[in-house]
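Read off the chains here:
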Amino acid sequence: MTDEVPSRPPSGGLVQALNVPRNAKLGVLTGVGFAVAVYLFRVFELLGPFAGTRQYPLVGPEGWFLLLAFVLASATALFVTAALTVASAYRLSREL
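Here is what the cut-offs are and how they apply
- Residues numbered from 1 in each chain as written.
- Predicted model: local features only at pLDDT ≥ 70, side-chain atom pairs only at ≥ 80, totals over all residues.
- Heavy atoms only, no water.
- Helix = DSSP H or I, 4+ residues; strand = E, 2+ residues; numbered from the N terminus.
- Buried < 20%, exposed > 50% of the residue type's maximum accessible area, 1.4 Å probe, protein only.
- Axes fitted to C-alpha atoms, helices over the stretch in contact; angles between N-to-C directions.
- Parallel < 35°, antiparallel > 145°, perpendicular 65-115°, else oblique.
- Left-handed = near helix turned anticlockwise from the far one by under 90°.
- Nonpolar A, V, L, I, M, F, W, Y, C, P; charged D, E, K, R; others polar.
- Contact = heavy atoms within 4.5 Å.

Draft legend 1. Highlighting the environment of Gly33. As for its position among the elements, Gly33 is in helix α2 (residues 20-43). Given the relative accessible area of 40%, Gly33 is considered partly exposed. Here the alpha-carbon distance between Gly33 and Gly60, two residues 27 residues apart in the chain, equals 23 Å.

Below is the structure:
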């Protein structure tokens with residue numbers, strides 16, 4: 001037995017083969033764009049006033065909807081990135 005630690009194979013090849021950096025950029029752009037659109041429609045009432053009146057403590061409605069827009073952008077970016085990466089993996093598996 002030896003005390004040497006075996007070297008690990010490089011893992012960056014899989015990330016590059018699946019286009020993860022490109023997919024992440026597209027996911028973030030889609031998520032931010034979608035969240036901005038929803039935020040604008042809700043806060044500035046572009047389609048007219050929404051039914052119902054609510055109270056928004058501490059930061060007011062704009063603050064709450066800004067926080068919700070961040071969550072929506074993050075979730076959408078994650079979903080789009082995952083979907084594009086799965087599609088890339090499927091295409092790569094079909095080529096092999």
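Draft legend 2. Region of the structure containing the packing of α2 against helix α3 (residues 60-95). Between α2 and α3, the least distance of the axes is 7 Å, while the angle of their chain directions is 150°. For the element pair α2 / α3, the angle class is roughly antiparallel. Taken as a pair, α2 and α3 cross one another with a handedness that is right-handed. Residues of the contact of α2 with α3, tallied by class, amount to 18 nonpolar, eight polar and four charged.

Draft legend 3. Highlighting the side chain of Asn23. Looking at the secondary structure, you find Asn23 in helix α2. When near neighbours in sequence (up to four residues on either side) are disregarded, Asn23 contacts Leu18, Thr81, Leu84, Thr85 and Ser88.

Treat this as a map of the structure, not an account of what it does.
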